Amino acid sequence: EAAIHAFIEGDAYFGQSYEDLAKLFWRVQLNVNLAKGPFTLQDIQKACDKWPGMVITQHNEDNKALFDLVKAPNHRILIDSSRGGGVGLNLGTVQEDADLIAQTRKQAYGVAGGIGVDSLNTMLRFTQSTNPHLPVWLDMESSLRDPGDRFDLEHNCQIIAERARD
């Protein structure tokens, strides 16, 4: 929470200003839960107003208000009903959310939740057919880590090699 608060307030983060960070990272993801606090819609709007790049927030039951109320052009939605837990998706719910994004926001969006080697091809086909005119990214973070919660380079190379064969 302290890191997100510092980011929202525009305080130096790891000794870097917003301008310096923006040169290194074009997007940030703020994993907040509006239902639990302490962050508010105003906090997310403030971060979007200050950050020159893309600001991503998770779309789930707890954060539905973000979808409707944060109107910054650099705000993007990551459909993630598992709230970062890597739990499998309900494709019907993803379809509804993706359709709503296509109708109202008309911008790129992400999909997350239990996407791994076994489900990657299914998710690629699904997202390509859902709204083919909008760019979509897949967030596979939970499946790209080892049991110690560290980025697993060997596993990532396996995923890339398998995808390249398809």
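See above for the structure.
Residues numbered from 1 in each chain as written. Predicted model: local features only at pLDDT ≥ 70, side-chain atom pairs only at ≥ 80, totals over all residues. Heavy atoms only, no water.

A few words on the pattern of salt bridges. For the coordinates displayed, the defined rule picks out one salt bridge. Close ionic contact of R150 with D146 constitutes a salt bridge, the shortest N to O distance being 3.2 Å. (Salt bridge = Lys/Arg side-chain N within 4 Å of Asp/Glu carboxyl O.)

A separate point is helix 5 (residues 91-105). If you check helix 5, its first and last C-alpha atoms are 20 Å apart, about what 15 residues at 1.5 Å a residue would give, namely 21 Å. Residues V94, D97, A98, I101, A102 and R105 constitute the buried set of helix 5. One side of helix 5 holds all its buried residues, which, seen down the axis, span an arc of 140°. Among the exposed residues of helix 5, those pointing more than 90 degrees away from its buried face are E96 and Q103. Next to the buried residues of helix 5 lie strand 2 (54-59), helix 4 (64-69), strand 3 (75-79), strand 4 (109-112) and helix 6 (120-130). A positive phi of about 50° marks K106, the residue just after helix 5. (Helix = DSSP H or I, 4+ residues; strand = E, 2+ residues; numbered from the N terminus. Expected span 1.5 Å × (residues − 1). Buried < 20%, exposed > 50% of the residue type's maximum accessible area, 1.4 Å probe, protein only. Arc of directions from axis to C-beta. Contact = heavy atoms within 4.5 Å.)

What follows covers the nonpolar core. Counting residues in hydrophobic clusters, the biggest one holds 19 residues, and the most contacted among them are I79, I101, Y109, V111 and I115. Breaking this core down by element, the ones donating at least two residues are strand 3, helix 5, strand 4 and helix 6. Among residues more than four places away in sequence, those in contact with I79 are H59, V94, D97, A98, I101, Y109, G110, V111 and A112. (Core = buried A, V, L, I, M, F, W, Y, C linked by side-chain atoms within 4.5 Å.)

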